[in-house]
Amino acid sequence: MTDGQLSGLNRGIAIGQVSPEAAMGGLLALVEDGDEIVIDVERHTVTLEVAEETLAARRASTKPLVPADERGWLSIYARTVAPMQSGAVLVKPRG
């Protein structure tokens, strides 16, 4: 899984646009090596199979991502583009 995009990939199942969820402190930020992730293609769902108590502990110890440079293109993108589930459209700059 990635929060990036895959260009030209068109064979088999691929999850390549999950949105910048990890950087925003979403569930993707809590995934660790060895975690089981269930992908249900028919229902269009991705489920992290980790106990809620474990996720709560991970959430408590996870620090928010701070961009290294607030002047670069990635920073501009992060402030002005909505997540994929919202259509990845331009929005009023955040911050």
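All values derive from a computational prediction rather than experimental measurement.

Enquirer: Tell me what's going on with the pairing of strand S1 (residues 37-40), and back it up with residues and numbers.
Expert: Two faces, one strand: in a regular strand the side chains alternate between the faces of the sheet. With four bridges joining them, S1 and strand S2 (residues 45-48) adopt antiparallel strand pairing. Across the sheet, the residue bridging to Val38 is Thr47, located in S2. Linking two consecutive strands that pair antiparallel, namely S1 and S2, is a turn of four residues; a positive phi of about 60° is found at His44 within it.

Enquirer: Explain the side chain of Thr80 to me, and be specific about the residues and the numbers.
Expert: Locating Thr80 in the fold gives a position in helix H2 (residues 73-80). Judged by relative accessible area, Thr80 falls into the buried class, the value being 18%. Of note is the side chain of Thr80, whose polar atom sits 2.7 Å from the backbone oxygen of Ile76.

Enquirer: A description of a nonpolar patch on the surface should follow, citing residues and the corresponding values.
Expert: Together, Ile39, Val41 and Val46 line one region of the surface with nonpolar side chains, adding up to about 240 Å² of accessible area. In this structure, Val46 sits in strand S2. On the basis of relative accessible area, Val46 is assigned to the partly exposed category, the value being 40%.

Enquirer: Tell me about the pattern of salt bridges, residues and numbers included.
Expert: The tally for this structure, following the rule as stated, stands at four salt bridges. Glu32 is the salt-bridge partner of Arg58, the closest N and O atoms lying 3.4 Å from each other. Placement of the pair is Arg58 in helix H1 (residues 52-61) and Glu32 in the segment before S1, with a sequence separation of 26 residues. A relative accessible area of 43% means that Glu32 is categorised as partly exposed. The residue Glu52 makes a salt bridge to Arg59 at a minimum N-O spacing of 3.4 Å. For Glu52, a relative accessible area of 48% corresponds to the partly exposed category. A residue is classified by how much of its surface remains accessible, and Arg59, at 40% relative accessible area, is partly exposed. Salt bridges sharing partners connect three or more residues here, namely Glu32, Asp35 and Arg58.

Conventions and cut-offs
Residues numbered from 1 in each chain as written. Predicted model: local features only at pLDDT ≥ 70, side-chain atom pairs only at ≥ 80, totals over all residues. Heavy atoms only, no water. Pairing = 2+ DSSP bridges. Helix = DSSP H or I, 4+ residues; strand = E, 2+ residues; numbered from the N terminus. Buried < 20%, exposed > 50% of the residue type's maximum accessible area, 1.4 Å probe, protein only. Polar contact = N/O pair within 3.5 Å; in protein donor to acceptor, adjacent residues only side chain to side chain. Patch = residues over 30% accessible without salt bridge, like charges linked within 9 Å, V, L, I, M, F, W, Y side chains within 5 Å. Areas by Shrake-Rupley, 256 points an atom, 1.4 Å probe, with all protein chains shown as cover. Salt bridge = Lys/Arg side-chain N within 4 Å of Asp/Glu carboxyl O.

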